[in-house]
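Observations on chain architecture
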Amino acid sequence: MRTVWWEEGQVKMIDQRRLPLELVVQSFSDYRQVAWAIKEMVIRGAPAIGAAGAYGMVLAAYQSQATARDALLADLAQAKAVLDNARPTAVNLSWGTQRILTTAQEVNTEDLDLLRAILLDEAEALAEEDIEINRRMGQHGLSVIPDNANILHHCNTGSLATVDYGTALGVIRAAHEAGKNIHVWVDETRPRLQGARLTAWELMQEEIPMHLIADNAAGYLMWAGKVDVVLFGADRVAANGDVANKIGTYKLAVVARENGIPVYAVVPTSTIDLSIPSGEHIPIEERGWEEVAKVGDCQIAPDNVPVYNPAFDITPHRYLTGIITEEGIVYPPFDVNLRRVKALAEQRIAERRKTRLAARQAMLKRGK
Ligand code: MRU
């Protein structure tokens, strides 16, 4: 199930706020609307908002009234600032917008129609790569899932959190597809209930055995020997391996360590931010009071209750057994090994991009 795509000059996305009750697709023809959709979590999940950001930049290119390349580049830089500002923690967002801006800067043409077509091509390639990367992580992750495994999963990391297939949920899906007998404990993931609303929905569609649990049940299940491995995604991984992920992840990792249970973060290398040395430098998004004081439309706390609502937490790298990426599983020392996989992935993307850009440019020129 594809979460975000380009169709007839518009960015389309599944409205995740309405799931699982309704499957509604929203259409956007202005990049500012895409920024709004990211902020309001019409689309959410780090890789998904990276792709949405890239498509948002393409919309900005088509919206721009510029008649010269420099003016178009200036409009794109402005759009990037607006899109990046939508949510602060997931580095994939600025990674996605930067990839489109860099492409625009690198393609040296005054033919703005050609340039716009090339930017769309780049966003489509980024989205397709995301799916391929998720499938590769799924295959790498198979080795950490024993047969008959009980897997504890936090938040939503499935098709909905990516362009398709998923990160941590991708590993779960791959294990199921490989015929492993698995069962998933699905954390409800308060306050926005991504586990209850989205992960449960995705797993049920795939007929993967699961039980939804209250977040507070996870510790008891680990203590009782009912969990073999903990899997989650991440919104940003610092250079030392500290991981920012959905609020509640840290608590799970600490309790898992106490009970001798392995813990893996599953992340594409686009989530690794080598410019951030450690977790305390990662910006943590704070969201509105209503997410905590209400469940859906129903208010559960007194009027005017003071609320503090950090949306993410930091899990120090010492609690992670490994980090599963598309380049393989990274083990400690994370500072050295993350750098290695990031370089490998960047080289792969750069080579493919160079070939694609040259081919696309030649094709479009021929067609003129
Ligand atoms: O606030 P959200 O729903 O965007 O948070 C999403 C998560 O925390 C996911 O675990 C993370 O993006 C990794 S999923 C591929």
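Residues numbered from 1 in each chain as written. Predicted model: local features only at pLDDT ≥ 70, side-chain atom pairs only at ≥ 80, totals over all residues. Heavy atoms only, no water.

1. A short note on the packing of aromatic side chains
As enumerated under the stated definition, the model contains four aromatic pairs in all. With a centroid separation of 6.4 Å and an interplanar angle of 25°, the aromatic rings of Trp6 and Tyr55 are classed as stacked. Of this pair, Trp6 sits in strand 1 (residues 4-7) while Tyr55 sits in helix 2 (residues 46-63), and the two are 49 residues apart along the sequence. Look at Trp6 and you get buried, because its relative accessible area is 14%. The rings of Trp6, Tyr55 and Tyr62 are connected pair by pair, giving a single aromatic cluster. (Phe/Tyr/Trp six-rings, centres within 6.5 Å; stacked < 30°, edge-to-face > 60°. Helix = DSSP H or I, 4+ residues; strand = E, 2+ residues; numbered from the N terminus. Buried < 20%, exposed > 50% of the residue type's maximum accessible area, 1.4 Å probe, protein only.)

2. Focus on the domain arrangement of the protein
As assigned here, the protein comprises domain 1 (4-135) and domain 2 (141-342). A straight line from the C-alpha centre of domain 1 to that of domain 2 covers 25 Å. Taken together, the 29 residues of domain 1 in the interface contact 33 residues of domain 2. At the boundary of domain 1 with domain 2, total buried surface from both sides reaches about 2700 Å², with 58% on carbon and sulfur atoms. Seen at the junction of domain 1 and domain 2, the total is one salt bridge. Listed by contribution, the elements that provide at least two residues to the side of domain 1 that touches domain 2 are helix 2, helix 4 (91-106) and helix 5 (112-141). (Domains from an automatic or database assignment. Contact = heavy atoms within 4.5 Å. Buried area = accessible area lost by both parts, 1.4 Å probe. Salt bridge = Lys/Arg side-chain N within 4 Å of Asp/Glu carboxyl O.)

3. Some words on the packing of helix 2 against helix 4
For any two helices packed against each other, one specifies the crossing angle of their axes together with the interaxial distance. At their nearest, the axes of helix 2 and helix 4 sit 7 Å apart, and the two run at 30° to each other. Taken together, the axes of helix 2 and helix 4 are roughly parallel relative to one another. Once helix 2 is placed against helix 4, the crossing between them reads as right-handed. Packed against helix 2, whose contacting residues are Ala46, Pro47, Ile49, Gly50, Gly53, Ala54 and Met57, the element helix 4 presents Asn92, Leu93, Gly96, Thr97, Ile100 and Leu101 at the interface. Across the contact of helix 2 with helix 4, the residue classes tally to eight nonpolar, five polar and no charged. (Axes fitted to C-alpha atoms, helices over the stretch in contact; angles between N-to-C directions. Parallel < 35°, antiparallel > 145°, perpendicular 65-115°, else oblique. Left-handed = near helix turned anticlockwise from the far one by under 90°. Nonpolar A, V, L, I, M, F, W, Y, C, P; charged D, E, K, R; others polar.)

4. Observations regarding the side chain of Asp273
Structurally, Asp273 can be placed in strand 11 (residues 272-273). Looking at Asp273, the relative accessible area reads 9%, which means it is buried. A distance of 2.6 Å separates polar atoms of two side chains, one belonging to Asp273 and the other to Ser275. (Polar contact = N/O pair within 3.5 Å; in protein donor to acceptor, adjacent residues only side chain to side chain.)

5. Observations concerning the nonpolar core
Grouped together as the largest cluster of nonpolar side chains are 49 residues, with contacts concentrated most on Val4, Val11, Met13, Val34, Ile38, Ile43 and Leu76. Put simply, the parts of the chain that give this core at least two residues each are strand 1, strand 2 (10-14), helix 1 (31-39), helix 2, helix 3 (69-84), helix 4 and helix 5. With 12 residues, the top contributor of residues to this core is helix 2. Apart from the residues lying within four places of it in its own chain, the contact partners of Val4 are Val11, Lys12, Met13, Ile43, Ala48, Ala51, Ala52, Tyr55 and Val163. (Core = buried A, V, L, I, M, F, W, Y, C linked by side-chain atoms within 4.5 Å.)

6. Regarding the sheet that holds strand 9 (residues 243-246)
Taking strand neighbours across the sheet as the criterion, the four strands line up as 11-8-9-14 in an open arrangement whose pairing is mixed. In this open sheet, the two edge strands, each paired with only one partner strand, are strand 11 and strand 14 (312-315). In this structure, strand 8 (residues 236-238) lies alongside strand 11, joined through two bridges in parallel fashion. Note on strand 11: the bridge partner recorded for Ala238 is Asp273. The strands touched by helix 9 (residues 249-258) within the sheet are strand 9 and strand 14, with strand 14 carrying the most contacts at an inclination of about 30°. (Pairing = 2+ DSSP bridges.)

7. Considerations on helix 1
Within the span of helix 1, buried status applies to Tyr31, Val34, Ala35, Ala37 and Ile38. One side of helix 1 holds all its buried residues, which, seen down the axis, span an arc of 160°. For helix 1, the elements touching its buried residues are strand 2, strand 3 (25-28), helix 2, helix 3 and helix 4. Capping the start of helix 1, Asp30 holds a side-chain oxygen 2.7 Å from the backbone nitrogen of Arg32, two or three residues further along. (Arc of directions from axis to C-beta.)

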